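Structural characterization, general
The residues making up each chain are set out below.
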Amino acid sequence: MGKEVKLVNQDPLVSIVIPFYNCAYVNQAIESALGQSYPHIEVIVVNDGSTKYLDKVSPYFGRIVYVSKRNGGTGSALNAGIRRAAGKYFTWLSSDDLYDPDKVAKQVAFMQERGASASYGAYYHIDSNNCRVMGGKAGITYPERDQFIKMMLRGCFINGCTVMLDMNVWKEVGFFNESLKYTQDYDMWMRLLHKYDFYYLDEPLVSYRVHAEMGSQKYAGSITKEIYQVQYNYRKSLEALLHK
């Protein structure tokens, strides 16, 4: 049983978007989303042109919002989910990862207490059998905004599934960049930094799965190229922020 979490204001709806492409763990992700202690959620599963494991999603029809589209990558799947979302807050859950039962409740309370539009947090690593691996809590933060920006220019230390955003941010910065196949999240956080602060919730409420089929291992070379491109795209504008 999760601990009771007191919210500051009336409980807002939270939209949990799960992009899905041929992932054997998708049912576990859906279960962890539907199993949230926070009552006001909608779970949006976006089938990004999957040809496998559809039988792991179909039992949840009626409990989820199901979106099916042609394959276009994670960024396009997230955008499709955001366009269907009705919540005040957005969270993203990869189809091979898991949420702690209190993830949404604790993060909504955290956001409300600080008047935050963007937050992220700590997480655990797990293996294919849901066992914790590689030590304990993972997560990095830099309390000073200038240092935060400088370190983001060196690399992305924000785990996307730990992020919660106010839905209004899309009006300010636009949707995920669908031309980026692997680093659409890094690109989004760089854009958000021009207008928002990221607040850090130092409690591991996400389990990040490390397994042989994960994209970060299979496409490491292509990911590195995209990282350099994102850094090049935002270096001048973010360095200008540092000198204001």
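These remarks concern the structure in this document.

About the thresholds
- Residues numbered from 1 in each chain as written.
- Predicted model: local features only at pLDDT ≥ 70, side-chain atom pairs only at ≥ 80, totals over all residues.
- Heavy atoms only, no water.
- Pairing = 2+ DSSP bridges.
- Helix = DSSP H or I, 4+ residues; strand = E, 2+ residues; numbered from the N terminus.
- Axes fitted to C-alpha atoms, helices over the stretch in contact; angles between N-to-C directions.
- Phe/Tyr/Trp six-rings, centres within 6.5 Å; stacked < 30°, edge-to-face > 60°.
- Buried < 20%, exposed > 50% of the residue type's maximum accessible area, 1.4 Å probe, protein only.
- Parallel < 35°, antiparallel > 145°, perpendicular 65-115°, else oblique.
- Contact = heavy atoms within 4.5 Å.
- Nonpolar A, V, L, I, M, F, W, Y, C, P; charged D, E, K, R; others polar.

A short note on the sheet that holds strand β1 (residues 14–20)
The 7 strands lie next to each other as β3-β2-β1-β4-β9-β6-β10, forming an open sheet whose pairing is mixed. Both edges of this open sheet fall to β3 (65–69) and β10 (199–201), since each of them pairs with a single strand only. Adjacent strand axes in the sheet meet at a mean angle of 20 degrees when their direction is disregarded. Sheet analysis places β1 next to strand β2 (residues 41–48), joined by 7 bridges and oriented parallel. Residue pairing for β2: Ile-18 is matched across the bridge by Val-45.

What about the packing of aromatic side chains?
Applying the stated criterion across every chain, the model contains 16 aromatic pairs. Between Tyr-120 and Phe-157, the ring centres sit 6.4 Å apart and the planes meet at 55 degrees, which makes this aromatic pair tilted. Residue Tyr-120 is found in strand β6 (residues 118–121), and its partner Phe-157 is found in the loop between α4 (145–152) and β9 (164–166); the two are separated by 37 residues along the sequence. No difference in accessibility class separates Tyr-120 from Phe-157, as the two residues are buried. A centroid spacing of 5.6 Å and a plane angle of 50 degrees characterise the contact between Trp-170 and Phe-176, whose relative ring orientation is tilted. For the pair Trp-170 and Phe-176, a shared accessibility class is recorded, and that class is buried.

Re the packing of helix α6 (residues 184–193) against helix α8 (residues 220–242)
Here α6 crosses α8 at 5 degrees, and the two axes come no closer than 10 Å. Comparing the axis directions of α6 and α8 gives the class roughly parallel. Across the interface between the two elements, Tyr-186, Asp-187, Met-190, Arg-191 and Leu-193 from α6 touch Ile-227, Val-230, Gln-231, Tyr-234, Leu-238 and Leu-241 from α8. When the residues that make up the contact of α6 with α8 are grouped by side-chain class, the tally is 8 nonpolar, 1 polar and 2 charged.

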